Amino acid sequence: MPKDIEKKKPGKKTMPATVIGVDIGGTGIKGGIVNLEKGVIVGDRYRVPTPKPSTPEAVAAVVADIVAELSSRPEGPSEDVPVGVTFPAIIQHGVARSAANVDKSWVDTDVDALFTKVLGRDVRVINDADAAGLAEVRYGAGKGELGTVLVITLGTGIGSAFIFDGRLVPNVELGHLEIDGHDAETKASAVARERDGIGWNEYTVRLQRYFSHVEFLFSPELIIVGGGISKRSGDYLPGLKLRTPIIPAQLKNQAGIVGGALQAAILLEPKKA
Ligand code: BGC
């Protein structure tokens, strides 16, 4: 058994104490060692700018550097613990099936196989918003919530995680709902706000249109808003009129790393009978 596989109660789940999580974004690739019991990053995060162009080979080399640095730290997990990686596209069985905000050469790339080969160790890849969603329902703003919880991340694009009774329904792409003839993320993402130079009031109007539609389609119990802009939630959440509670994410910029690590560990848990 690897040195850091912690035995919990006999016959119950086994989880590694720490797992490396890496969050691939449009501007930066960030990694950290995650304590899975607490859902926090141990020590400093390690960040490298996303290479340009962000081709699969160039990104894989950066991920390998980050994992090597984190592994060299005393609190790093042993080599046989998988690394969890998030990616900003549809990831089905480890393969990228879209590339809205990344280099188009990713489409149909087996990201899992590529990273596993380049890193020389087991890697598990998940969509970035799905990772953030898992982290929020396990450790953050959605902890203990039953029914449908939607985690919507506002960043370069709009990411979404659909969670029902704590279980993730992967690859639900609610950032690409077509609203008023537009792909929603081109109007309501954080980057769309900056690009169009609009203030918080005007942005709130766009978010109202977006979240009303999402609410109408899914009638969730709770909506959690993540992404870098969740730090400024006081500027737009109070202005939204919805019947669903809508609250900021709690893990902020750690959600991707923590959720990426968590999903790699969840796959180690024994399947329920
Ligand atoms: C992608 C999603 C991703 C989101 C946030 C969207 O454009 O289609 O897969 O989760 O951006 O990065």
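The written sequence of each chain sets the order in which its residues are numbered from 1. A pLDDT threshold of at least 70 governs which residues receive local features in this predicted model, and a stricter bar of 80 or more applies before side-chain atom pairs are shown or counted, although totals over entire chains, interfaces and linings include all residues. Hydrogens and water are ignored here; the side-chain numbers use all heavy atoms of the structure.

Section: the overall build of the protein
Inclusion rule: Strands here mean DSSP runs of E at least two residues long; helices mean DSSP runs of H or I at least four residues long; both are numbered from the N terminus. For the radius of gyration, the atom set is restricted to C-alpha positions; the globular benchmark scales as 2.2 Å times the number of residues to the power 0.38. Any pair of residues with heavy atoms lying within 4.5 Å of one another is described as a contacting pair. The protein chains shown are the only cover counted for residues, whose accessible areas, like all others here, come from Shrake-Rupley with a 1.4 Å probe.
Looking only at helices and strands, the protein has seven helices and 16 strands in total. Expected size for 273 residues packed as a compact globule is a radius of gyration near 19 Å; at 18 Å, the protein falls within 12% of this value. Across its three principal directions, the C-alpha atoms of the protein cover 55 × 45 × 30 Å. Counting only contacts in the protein whose residues sit at least 6 apart along the sequence, the fraction spanning at least 24 positions is 63%. Accessible area of the protein: about 12,600 Å², with a carbon and sulfur share of 53%.

Some points on the packing of helix H1 (residues 56–71) against helix H2 (residues 111–119)
As a reminder of what qualifies: Only the stretch in contact is used when a helix axis is fitted, and all axes are lines through C-alpha atoms; the angle between N-to-C directions ranges over 0 to 180 degrees. Any angle from 65 to 115 degrees is called roughly perpendicular, while one under 35 is roughly parallel, one over 145 is roughly antiparallel, and all others are oblique. In this scheme, a crossing is called left-handed if the near helix is turned counterclockwise away from the far one by less than a right angle; it is called right-handed if the turn is clockwise. Throughout this entry, Asp, Glu, Lys and Arg are counted as charged residues, while Ala, Val, Leu, Ile, Met, Phe, Trp, Tyr, Cys and Pro are counted as nonpolar. The remaining residues, Gly among them, count as polar.
Packing of H1 against H2 leaves a shortest axis separation of 9 Å and a crossing angle of 50°. On the basis of their axis angle, the class for H1 and H2 is oblique. The interaxial crossing formed by H1 with H2 has right-handed handedness. Seen from H1, the contacting residues are Pro-56, Val-59, Ala-60, Val-63, Ala-64 and Val-67; seen from H2, they are Leu-114, Phe-115, Val-118 and Leu-119. Across the contact of H1 with H2, the residue classes break down as ten nonpolar, no polar and no charged.

Concerning the site of the ligand
Put simply, the rule reads: Any residue with at least one heavy atom within 4 Å of a molecule or strand is counted as near it. For the purposes of these results, a polar contact is taken to be a pair of N or O atoms within 3.5 Å, where, inside protein, one atom must be able to donate a hydrogen and its partner to accept one; residues adjacent in sequence count only when each atom of the pair is a side-chain atom.
The environment of the ligand is formed by 13 residues, the closest being Asn-127, Asp-128, Glu-173, His-176 and Glu-185. Residue Asn-101 places a side-chain N or O atom 3.1 Å away from an oxygen atom belonging to the ligand. Residue Asp-128 places a side-chain N or O atom 2.5 Å away from an oxygen atom belonging to the ligand. About the coverage of the ligand: the protein hides 93% of its 310 Å² of free accessible area. When contributions to the shell around the ligand are tallied by element, the ones reaching two or more residues are helix H3 (128–139) and strand S11 (158–164). In the shell around the ligand, the residues fall into six nonpolar, four polar and three charged.

Here's the deal with the pattern of salt bridges
Quick note on the threshold: Between Lys or Arg on one side and Asp or Glu on the other, a salt bridge is scored when a side-chain nitrogen of the former is within 4 Å of a carboxyl oxygen of the latter. Summary of the burial criterion: residues with accessible area below 20% of their type's maximum are buried, those above 50% are exposed, and those between are partly exposed, where the area comes from a 1.4 Å probe applied to protein chains only.
Across all of its chains, the model carries ten salt bridges by this definition. As a salt-bridge pair, Glu-79 and Arg-121 come within 3.6 Å of each other at their nearest N and O atoms. Taken together, the residues Glu-79 in the loop between H1 and strand S6 (83–87) and Arg-121 in the loop between H2 and strand S9 (123–127) connect sequence positions 42 residues apart. On the accessibility criterion, Glu-79 (55% relative accessible area) is exposed. Ionic pairing is found between Asp-108 and Arg-97, a salt bridge with its closest N-O pair at 2.7 Å. Of the two residues, Asp-108 is situated in the loop between strand S8 (95–96) and H2 and Arg-97 in the loop between S8 and H2; the sequence distance between them amounts to eleven residues. One network of salt bridges, in which partners are shared, links Arg-195, Asp-196 and Arg-206.

Remarks on the pairing of strand S10 (residues 148–154)
Which entries qualify depends on this criterion: When DSSP finds two or more bridges between a pair of strands, those strands are recorded as paired.
By the criterion of burial, S10 is predominantly enclosed, with seven of the seven residues buried. Of the two faces of S10, both are covered, the one formed by Thr-148, Leu-150, Ile-152 and Leu-154 as well as the one formed by Val-149, Val-151 and Thr-153. By the bridge criterion, seven bridges tie S10 to S11 in an arrangement that is antiparallel. Residue Leu-150 lies in a different strand from S11, and its bridge partner there is Phe-162. Linking S10 to S11, which pair antiparallel, is a turn of three residues. Bridge count for S10 against strand S15 (residues 222–226) is five bridges, and the pairing is parallel.

What to know about the nonpolar core
Under the convention used in this document: Remark: nonpolar core denotes a set of buried residues (Ala, Val, Leu, Ile, Met, Phe, Trp, Tyr, Cys) joined through side-chain atoms within 4.5 Å.
Core analysis: the biggest nonpolar cluster contains 29 residues, and Val-22, Val-63, Val-85 and Phe-115 have the highest contact counts within it. Sorting elements by how many residues they give to this core places H1 first, with eight residues. The contacts of Phe-115, once residues within four sequence positions are left out, are Ile-24, Val-59, Ala-60, Val-63, Val-85, Trp-106, Gly-120, Val-123 and Val-125. If you look at the next biggest cluster of nonpolar residues, it comprises 26 residues, including Phe-162, Ile-179, Ile-229 and Leu-240.

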